[in-house]
Amino acid sequence: MSKKIMVTVMAFIAVLGLSSMVYAGESASAAGLWAVAFMAIACAFAIGIAAAGTGIAMGYAINGAMQGVSRNPEAGGRIFTMLILGLALIESLCIYALL
């Protein structure tokens, strides 16, 4: 992997690892306030990564369905049913990340 990708991945891991500080600090102190801020940033990164991943997965699923229907138009109904089921399962992953 390139150096830029490694640095980005390590930065994400560092921010996500800092979210555990919220359980170690007191909520009234300045350290507790910083921990809550780091946790909010980590949550934003997690939701962003989940949304990007599900968007890419949905794009691949729709691409595959379009190619399948163009090659075999008679199977369009079955492909559409499986596509909708797959898209619902992919979308639920992003909803779980939001929760």
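Structural notes on the overall build of the chain
Stage number 1. Assigned secondary structure in the chain consists of 4 helices and 0 strands.
Stage number 2. The N-to-C order of helical and strand elements in the chain reads α-α-α-α.
Stage number 3. The buried share of the chain, reckoned over its 99 residues, is 16%.
Stage number 4. Counting only carbon and sulfur atoms, one obtains 75% of the accessible surface of the chain, whose full area is about 7400 Å².

Re the confidence of the model for the chain
Stage number 1. Taken residue by residue, the chain gives an average pLDDT of 80. The fraction at 70 or more is 81%.
Stage number 2. No element of the chain has a lower mean pLDDT than helix 2 (residues 21-24), at 58, and none a higher one than helix 4 (residues 76-98), at 88.

So, helix 4
Stage number 1. Over its 23 residues, helix 4 extends 33 Å from the first C-alpha to the last, a length consistent with the 33 Å expected when each residue adds 1.5 Å.
Stage number 2. Those residues of helix 4 not exposed but buried are G76, L83, L87, I90, S92 and C94.

Structural notes on the nonpolar core
Stage number 1. Membership of the largest hydrophobic core is limited to 5 residues, which are M58, A65, L83, L87 and I90.
Stage number 2. Every element with two or more residues in this core is listed here: helix 3 (30-71) and helix 4.
Stage number 3. It is helix 4 that provides the largest number of residues to this core, a total of 3 residues.
Stage number 4. If we ignore the near neighbours within four places in the chain, the residues touching L87 are M58, A61 and I62.

Considering the side chain of T54
Stage number 1. Mapped onto the elements of the fold, T54 is located in helix 3.
Stage number 2. For T54, the side chain forms a polar contact with the main-chain oxygen of A51, separated by 3.0 Å.
Stage number 3. In contact with T54, other than residues within four places in its own chain, are I90, L93 and C94.

Considering a nonpolar patch on the surface
Stage number 1. Among the surface-exposed residues, I5, M6, V9, M10 and I13 lie close enough to one another that they form a single nonpolar patch of about 440 Å² accessible area.
Stage number 2. Secondary-structure assignment places I5 in helix 1 (residues 3-18).

Examining the environment of M82
Stage number 1. The topology assignment puts M82 in helix 4.
Stage number 2. For the pair M82 and A61, spaced 21 residues apart in sequence, the C-alpha separation works out to 9.9 Å.

What counts, and at which threshold
Residues numbered from 1 in each chain as written. Predicted model: local features only at pLDDT ≥ 70, side-chain atom pairs only at ≥ 80, totals over all residues. Heavy atoms only, no water. Helix = DSSP H or I, 4+ residues; strand = E, 2+ residues; numbered from the N terminus. Buried < 20%, exposed > 50% of the residue type's maximum accessible area, 1.4 Å probe, protein only. Areas by Shrake-Rupley, 256 points an atom, 1.4 Å probe, with all protein chains shown as cover. pLDDT = per-residue confidence, 0-100. Expected span 1.5 Å × (residues − 1). Core = buried A, V, L, I, M, F, W, Y, C linked by side-chain atoms within 4.5 Å. Contact = heavy atoms within 4.5 Å. Polar contact = N/O pair within 3.5 Å; in protein donor to acceptor, adjacent residues only side chain to side chain. Patch = residues over 30% accessible without salt bridge, like charges linked within 9 Å, V, L, I, M, F, W, Y side chains within 5 Å. Salt bridge = Lys/Arg side-chain N within 4 Å of Asp/Glu carboxyl O.

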